[in-house]
Amino acid sequence: MAYGQTGTGKTFTLGRLGEEDIADRGIMVRAMEDILADISPEQDSITVSYLQLYMETVLDLLVPGKDNIPIVEDPKTGDVSLPGATAVEIWDQTSFLDLLQTGEANRFAANTKLNTESSRSHAILMVNVKKHVKGKGGDLILTNENGLGVHMSKGFCPPMVRKSKLVVVDLAGSERLDKSGSEGHALEEAKSINLSLTSLGKCINALAEGSSHIPIRDSKLTRLLRDSFGGTARTSLVITIGPSPRHRGETMSTIMFGQRAMKVENMVKLKEEFDYKSLCRRLDMELEKRVSEIERQGKLLLDVEEKLQERLEETKRAERNLESALEKMAAERARYHKEHIEVLESLENERAERQKMENQLQSTMQDMQHHREVFDPCNQLKSEILELKLQLDKEVQLRQQAEKELSALKSGLTKIESTSPEGQEALILSRRLEDEMKQRKNLEEEIQQLRNQLTQVTLQADEAKRIVSGRISFGSESHKSFASVNHNIDTSANLNTSGRPQEHVGLQKVLSLLDSADLDVRVHAVKVVANLAAEEVNQEKIVEAGGLHSMLMLLSSTEDETIRRVAAGAIANLAMNETNQELIMSEGGITLLSKTADDAEDPQTLRMVAGAIANLCGNDKLQLKLRDEGGIKALLSMVKSNHPDVLAQVARGIANFAKCESRGAVQGSKPARSLLIDEGALPWIVANASNEASPIRRHIELALCHLAQKDVNGKDLVAGGALWELIRISRECSREDIRMLAHRMLISSSVFQAELRRLHIVL
């Protein structure tokens, strides 16, 4: 606060801009430089109001049309505020200097005998600062809607917000009418100035003397400066005097005022409060994560039950086939046994017949010998002998043939169970039946483990809901406010990784199974890798072991939909790390993901691919390369599935990309048209800004606000109909931070302001 006779340099001391020489800068400019040097533009905020007290009326110097602004005092804290005053958010020194120039141009001044540009009003600059500071250590306990305490760990401790207010007052100079020569309206102005300064002096005297009554309400000036003397502020007083002996009386009065003011004691108070908005956002993200985990586990359980049902049906079919084969084999065995008995009987009959013929032949030979000795041989006897020999040779051949057939039947009966196709089929079916029974037992154990995990996750989600309900109940007494990924991986690999898989078979062993000839083994191995990639502590080991390269190769080499879906999910998990993102891009990952998106028809596979690309979109360094290799086009091509999970990931990727672009604009990068607009994403963004699904709508609203931060996008947004969506967001969005961001973009963009004036729309 500057106090002194008119023309002694109060305005020079406080409000000098230093345009010609920076050494001439006043206290207002220097103070703002110190404030801007100590804040973070991403988290902190500065708002400035510039007012003047003229003829006991508070006027707005930034918007001259606002006059007679009321002064409001909080009955509980006693804080003084001006809710009708214009509050402009400041981010740099240039905008603050422009604001001061605007205010000085609207301030009342007049030419008197003592000063050619005498201030005829008291100028008041109010700077409000909200700065985020680290909260104190220790746990936090919130109260839920049932009055029960909910314990929050250190990770959920909200940051502190420190609220500060700087008030710089350039008082109008006190003057004697006989010296200033004020007449007419200037005389009335001088009376009003002297009256308010007199009231200020009375308050200072009462405080210095320790009086019980402080006449604060005698003037609006003393009401506005209530915190500055005897309040909670740290106050500095600058008194200005002139060197002329003619004004000795005014000089003495000014010095006496300063001496009395030095006796006033203020009690400085630090104003800090919890930033519950950040805490609410973190709790909402945690709740969404838990809910998605429950949904994922539920889907996984359904998939496992379906697979188990299929295995049971296959087992029943195998049992029926085995029973049929056993019956058929038993019938064949009975038939061969019957034939064997018949052949044995036939062989015995032939043997008896042969023995009989041999006996007859021997008897005949003896008769022939006897006749040869008694009679001479004859032709008839010779023919009979020849006939008998031929018959004997024939019987010998028949016997040999029967013995060969009997030997063949015996060997055939021995080998029938192992050499016949029916026997082989029965053996294969028997082995398959044993394998199926073992797999059935393993699947039942896996289902039991999944149910136990699902029960645990459900309990955690219920606890998260109770925490959020407690947060809502607690936040209602103060300030109310406000998730690629997203992991819909088929994590049945969890069933075999209750411990650490690398502790059992090693990560290299798991990766080597990705090249197995057995499809089931490959599927199981890629699920294990995907499950490990979901934990940040394992990601570096997976990349070092070549797991990321293997996942990318699976996208290009396999045609199995399950392997592609799970591999894409693993890549999405690994893409959450910035170093892995650059590695994915360097190995052509975006090209492989784009090709997978073109070939895939399963919505869950598309969701994984979209989640991976969405994570890559959050890297500032990869935006141009991502666009050049077709990442944005691949992301937009997946909207044709119309699946809400896929659309949510697409919207998240667009929001990440737009956020990176807006961050580059804030950091001073060369302004350029958004790559999203160049790639034709704006029509889809506008069409889905009012989507019924909250995850899609929230990401699209955030993307529109980030696109609007670049002035070069303004004309395209207006032409594409995005202006109407921004107006709707600024009025209807459920999240306060997005709603305020949309409102700030509308009032700060010259393109939007011109269009709003043309349409006669008032925000």
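Residues numbered from 1 in each chain as written. Predicted model: local features only at pLDDT ≥ 70, side-chain atom pairs only at ≥ 80, totals over all residues. Heavy atoms only, no water.

Visitor: Looking at this structure, how should I read a nonpolar patch on the surface?
Guide: Judged by side-chain polarity, Ile239, Ile241 and Ile255 come together as a nonpolar surface patch covering roughly 210 Å² of accessible area. Among the secondary structure elements, isoleucine 241 is positioned in the loop between strand 13 (238–240) and helix 7 (248–261). The partly exposed category is assigned to isoleucine 241, whose relative accessible area is 41%. (Patch = residues over 30% accessible without salt bridge, like charges linked within 9 Å, V, L, I, M, F, W, Y side chains within 5 Å. Areas by Shrake-Rupley, 256 points an atom, 1.4 Å probe, with all protein chains shown as cover. Salt bridge = Lys/Arg side-chain N within 4 Å of Asp/Glu carboxyl O. Helix = DSSP H or I, 4+ residues; strand = E, 2+ residues; numbered from the N terminus. Buried < 20%, exposed > 50% of the residue type's maximum accessible area, 1.4 Å probe, protein only.)

Visitor: I keep staring at the environment of alanine 570 and nothing clicks. Help me out?
Guide: Its location among the elements puts alanine 570 in helix 16 (residues 561–574). Judged by relative accessible area, alanine 570 falls into the buried class, the value being 1%. For alanine 570 and valine 528, which are 42 residues apart along the polypeptide, the C-alpha to C-alpha distance reads 9.7 Å.

Visitor: Teacher, can you tell me more about a negative patch on the surface here?
Guide: Side chains of Asp303, Glu306, Glu310, Glu313 and Glu314 sit close together on the surface and give a patch of like negative charge. Positionally, glutamate 313 belongs in helix 8 (residues 276–374). Residue glutamate 313 is classed as partly exposed on the basis of its relative accessible area, which comes to 40%. (Lys, Arg positive; Asp, Glu negative; His and termini not counted. Charge placed at Lys NZ, Arg CZ, Asp CG, Glu CD.)

Visitor: In this structure, what is going on with the side chain of threonine 86? I would like to understand it.
Guide: If you trace the backbone, threonine 86 turns up in the loop between strand 5 (80–81) and strand 6 (88–89). Separated by 3.2 Å, the side chains of threonine 86 and lysine 66 make a polar contact. Look past the residues within four positions of threonine 86 in its chain and what remains in contact with it is Val48, Ser49, Asp60, Leu62, Val63 and Lys66. (Polar contact = N/O pair within 3.5 Å; in protein donor to acceptor, adjacent residues only side chain to side chain. Contact = heavy atoms within 4.5 Å.)

Visitor: Help me understand the pairing of strand 9 (residues 122–133) in this model?
Guide: The side chains of a regular strand alternate between the sheet's two faces. Pairing between strand 2 (residues 45–54) and strand 9: nine bridges, direction antiparallel. Across the sheet, leucine 53 pairs through a bridge with histidine 122, a residue of strand 9. Relative to strand 12 (residues 160–170), strand 9 is paired through 11 bridges, and the arrangement is antiparallel. In the sheet register, histidine 132 faces strand 12, and the bridge partner there is valine 161. (Pairing = 2+ DSSP bridges.)

Visitor: What exactly am I supposed to notice about the packing of aromatic side chains here?
Guide: Given two aromatic rings, one states the distance between the centres and the angle between the planes to describe the pair. One pass over the structure, following the stated rule, counts two aromatic pairs. Pairing tyrosine 3 with phenylalanine 257 gives two aromatic rings, centres 3.9 Å apart and planes at 20 degrees, and the pair type is stacked. Residue tyrosine 3 is found in strand 1 (residues 2–4), and its partner phenylalanine 257 is found in helix 7; the two are separated by 254 residues along the sequence. The exposure classification of tyrosine 3 matches that of phenylalanine 257, with both residues buried. Between the aromatic rings of tyrosine 54 and phenylalanine 108, the centroid separation amounts to 4.0 Å while the plane-to-plane angle is 15 degrees, which identifies the pairing as stacked. Linking tyrosine 54 in strand 2 with phenylalanine 108 in the loop between helix 3 (93–106) and strand 7 (109–110), this pair joins segments that are 54 residues apart in sequence. Assessed through its relative accessible area of 10%, tyrosine 54 is described here as buried. You can call phenylalanine 108 partly exposed: its relative accessible area is 34%. (Phe/Tyr/Trp six-rings, centres within 6.5 Å; stacked < 30°, edge-to-face > 60°.)

Visitor: I would appreciate a short explanation of unusual backbone geometry in the present structure.
Guide: Where the residue is not glycine, phi is negative for most of them; where a peptide bond is considered, it is trans in most cases. The residue methionine 55 is not glycine, and still its phi comes out positive at about 55 degrees. For methionine 55, the position within the fold is in the loop between strand 2 and strand 3 (57–60). What makes methionine 55 partly exposed here is its relative accessible area of 32%. For glutamate 56, which is not a glycine, the phi torsion comes out positive at approximately 60 degrees. Its place among the elements puts glutamate 56 in the loop between strand 2 and strand 3. With relative accessibility at 25%, the residue glutamate 56 sits in the partly exposed group.

Visitor: Sorry if this is basic, but what is going on with the packing of helix 27 (residues 722–732) against helix 29 (residues 750–759) here?
Guide: A packed helix pair is summarised by two numbers, namely the angle formed by the two axes and the spacing between the axes. Interaxial distance between helix 27 and helix 29 falls to 12 Å at its minimum, and their mutual angle equals 90 degrees. As judged from the angle between their axes, helix 27 and helix 29 are roughly perpendicular. Residues Leu723, Trp724, Leu726 and Ile727 of helix 27 touch helix 29, and the partners they reach there are Phe752, Glu755, Leu756 and Leu759. A per-class count over the contact of helix 27 with helix 29 returns seven nonpolar, no polar and one charged. (Axes fitted to C-alpha atoms, helices over the stretch in contact; angles between N-to-C directions. Parallel < 35°, antiparallel > 145°, perpendicular 65-115°, else oblique. Nonpolar A, V, L, I, M, F, W, Y, C, P; charged D, E, K, R; others polar.)

Visitor: What is the right way to read the environment of serine 121 from this model?
Guide: Of note, serine 121 is situated in the loop between strand 8 (118–119) and strand 9. In this structure, the C-alpha to C-alpha distance between serine 121 and phenylalanine 108, residues 13 residues apart in sequence, is 6.2 Å. Not counting residues within four places of it along the chain, the set of residues in contact with serine 121 comprises Gln52, Leu53, Tyr54, Arg107, Phe108, Asp170 and Ala172. Within the local environment of serine 121, its side chain forms a polar contact with the side chain of glutamine 52, the two groups lying 2.8 Å apart.

Visitor: Looking at this model, I keep getting lost on the pattern of salt bridges. Mind explaining?
Guide: Two side chains with opposite charge may pair up if their charged atoms get near one another. Here the structure, examined in full by the defined rule, presents 27 salt bridges. We note a salt bridge from glutamate 286 to arginine 290, for which the minimum N-O separation is 3.0 Å. Taken together, the residues span about one helical turn, with glutamate 286 and arginine 290 both in helix 8 at a distance of four residues. The class for glutamate 286 is partly exposed, based on a relative accessible area of 22%. Judged by relative accessible area, which is 23%, arginine 290 ranks as partly exposed.

Visitor: Where do I start with the confidence of the model for the protein in this structure?
Guide: In this model, the protein carries an average pLDDT of 78, and 76% of its residues clear a pLDDT of 70 or more. The weakest mean pLDDT in the protein belongs to helix 11 (residues 501–504) at 38; the strongest belongs to strand 13 at 93. Below pLDDT 50 for its whole length, residues 373–381 participates in two contacts with residues either more than four positions away or in separate chains. (pLDDT = per-residue confidence, 0-100.)

Visitor: I tried to follow the side chain of asparagine 713 on my own but got confused; where do I start?
Guide: As for its position among the elements, asparagine 713 is in the loop between helix 25 (694–708) and helix 26 (714–719). Beyond its immediate sequence surroundings of up to four residues, asparagine 713 is in contact with Ala672, Arg673, Ser674, Ile677 and Leu707.

Visitor: Help me out: how do you make sense of helix 3 in this one?
Guide: Structurally, the α-helix is built with 3.6 residues per turn, so residues lying three or four positions apart point the same way. The end-to-end C-alpha distance of helix 3 is 20 Å, a good match for the 20 Å that 14 residues give at a rise of 1.5 Å each. Those residues of helix 3 hidden inside the fold are in contact with helix 2 (27–37), strand 2, strand 6 and strand 9. (Expected span 1.5 Å × (residues − 1).)

Visitor: Honestly, empty space enclosed by the protein in this entry has me stumped. Any pointers?
Guide: It is a probe the size of a water molecule, rolled over the atoms, that shows where empty space is left. What the second largest cavity holds in volume is close to 50 Å³. Taken together, the elements giving at least two residues each to the lining of the second largest cavity come down to strand 2 and helix 5 (185–209). No other element matches the four residues that helix 5 contributes to the lining of the second largest cavity. (1 Å grid on protein atoms, 1.4 Å probe; cavity = no way out; pocket = protein on both sides within 12 Å on 5 of 7 lines; lining within 4 Å. Points joined across faces, edges and corners; volume = space filled by probe spheres on them.)

Visitor: Would you mind going over the state of the cysteines with me for this structure?
Guide: Each disulfide is one covalent bond, formed between the sulfur atoms of two cysteines. This structure, assessed with the given rule, holds zero disulfides. A disulfide-free cysteine, cysteine 617 has its sulfur positioned 8.1 Å from the sulfur of cysteine 660, the nearest such atom. Taking relative accessible area as the criterion, cysteine 617 reaches 2% and is therefore assigned buried. You can see cysteine 705 has no disulfide; the closest cysteine sulfur is in cysteine 733, sitting 7.5 Å from it. (Disulfide = S-S within 2.5 Å.)

Visitor: Which parts of the structure should I look at to understand the nonpolar core?
Guide: The biggest cluster of nonpolar side chains holds 89 residues, and the ones touching the most others in it are Met551, Ile613, Met638, Val650, Ile654 and Trp684. Here the element with the most residues in this core is helix 22 (residues 644–666); it accounts for nine residues. When residues no more than four places from it in sequence are discounted, the contact partners of methionine 638 are Ala597, Leu606, Val609, Ala610, Ile613, Val646 and Val650. Counting residues in each nonpolar core, the second largest holds 28 residues, with Ile71, Met126, Leu224 and Ala261 among its members. (Core = buried A, V, L, I, M, F, W, Y, C linked by side-chain atoms within 4.5 Å.)

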